[in-house]
Amino acid sequence: MKALNTISGWPFYVSARDEKTQPRTVAGLRRAVLALPTKPRLIVVDHVGKIQPRGRYAQTRDVYREISDDLVGLVRDLDVPILVLAHIGRAVAKGTLCRVPQIEGLAECSALEGDADSVVLMHSEAVYPTKKYEEGFGPDPSIVEFRVGKFRGTKRSKLVKLRFIGQHQVFE
């Protein structure tokens, strides 16, 4: 609770998706951050797939290598941590069961995983079921699993289940 109170006191700036000024590259993100009235305590990139590389690449992994290198440079230059959100494709056909996300799902963007200090994987069984449920006996739609896929200095696969309060966009 103390951390939440601390974070809630931080200034909050949003670059909306529909704005023409939304940064589309890491260099654009750098310019946007430097233009802020105060230095941010945290930068959140939602979603890394929306960031465009400087160059053209035949392989997706090379695109993410460049983006990851640029984000690491941004962290070093600005001395501000960056939280990067990414969607892990689970390669399932419509109507079939899903797999719980694993760190191996970041194969296309292994540079991000390699450069990250932490990787947290989220899964909602109610939204992406991994097994069949009898009618009326499905999983609680408010529960979201957080699995630590990587955290420097500790073991992988720590699991925490939190309740999501949608109307307030809060986990408890």
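For every chain, the first residue of its written sequence is number 1, and the numbers climb from 1 along that sequence. Restriction of local features to residues with pLDDT of at least 70 applies here, the model being predicted, together with a cutoff of 80 or more for giving and counting side-chain atom pairs; totals for whole chains, interfaces and linings are based on all residues. Hydrogens and water are ignored here; the side-chain numbers use all heavy atoms of the structure.

Looking at the pairing of strand 5 (residues 158-165)
Next, step 1: Pairing between strands requires that DSSP locate at least two bridges from one strand to the other. Labels follow the DSSP assignment, with helices taken as runs of H or I lasting at least four residues and strands as runs of E lasting at least two, numbered in each case from the N terminus. Strand direction decides the pairing type here: strand 4 (residues 143-151) and strand 5, joined by six bridges, are antiparallel. Across the sheet, Phe146 pairs through a bridge with Val160, a residue of strand 5.
Next, step 2: Counting the residues between successive antiparallel strands, the hairpin from strand 5 to strand 6 (residues 170-171) contains four residues, one of them, Gln169, with a positive phi of roughly 55°.

Here we look at the sheet that holds strand 5
Next, step 1: If you trace the four strands from one edge of the open sheet to the other, you get 3-4-5-6, paired in antiparallel fashion. Of all strands in the sheet, those with a lone pairing partner are strand 3 (118-123) and strand 6, marking the two edges.
Next, step 2: Summarising the sheet, strand 5 and strand 6 pair through two bridges and their orientation is antiparallel. The residue bridging Ile165 from the neighbouring strand is Val170, located in strand 6.

Brief notes about unusual backbone geometry
Next, step 1: At Asp79, a residue that is not glycine, the phi angle is positive and equals roughly 55°.
Next, step 2: Here Asp79 shows up in the loop between helix 3 (60-78) and strand 2 (82-85).
Next, step 3: The exposure class assigned to Asp79 is exposed, which follows from its relative accessible area of 59%. Accessibility here uses a 1.4 Å probe with only protein chains present; expressed as a share of the type maximum, an area under 20% marks a residue as buried, one over 50% as exposed, and anything in between as partly exposed.

Remarks on the pairing of strand 4
Two faces belong to every sheet, and in a regular strand the side chains alternate between them.
Next, step 1: Of all nine residues that make up strand 4, seven are buried, and the element is covered over most of its length.
Next, step 2: Bridge count for strand 3 against strand 4 is six bridges, and the pairing is antiparallel. Following the sheet pairing, Ser118 is matched in strand 4 by Phe151.

Some details on the side chain of Asp70
Next, step 1: Locating Asp70 in the fold gives a position in helix 3.
Next, step 2: We call two residues in contact when some of their heavy atoms are within 4.5 Å. Not counting residues within four places of it along the chain, the set of residues in contact with Asp70 comprises Val26 and Arg54.

Side note on the pattern of salt bridges
Pairs can form between side chains of opposite charge once their charged atoms are near each other.
Next, step 1: The salt bridge criterion pairs a side-chain nitrogen of Lys or Arg with a carboxyl oxygen of Asp or Glu, the two atoms within 4 Å. In total, this model carries eight salt bridges according to the counting rule given.
Next, step 2: Among the ionic pairs, Arg54 bridges to Glu66, the shortest N-O distance being 3.8 Å. Taken as a pair, Arg54 in the loop between strand 1 (43-46) and helix 3 and Glu66 in helix 3 lie far apart in primary sequence, 12 residues in all.
Next, step 3: Since its relative accessible area comes to 6%, Glu66 is described here as buried.
Next, step 4: Across the salt bridge formed by Lys161 and Glu145, the nearest N and O atoms sit 3.9 Å from each other. One end of the pair, Lys161, is in strand 5; the other, Glu145, is in strand 4, and 16 residues separate them in sequence.
Next, step 5: Given a relative accessible area of 53%, Lys161 falls into the exposed group.
Next, step 6: In the salt-bridge network here, residues are joined through shared partners; they are Arg54, Glu66 and Asp70.

None of this, on its own, says anything about what the molecule does.
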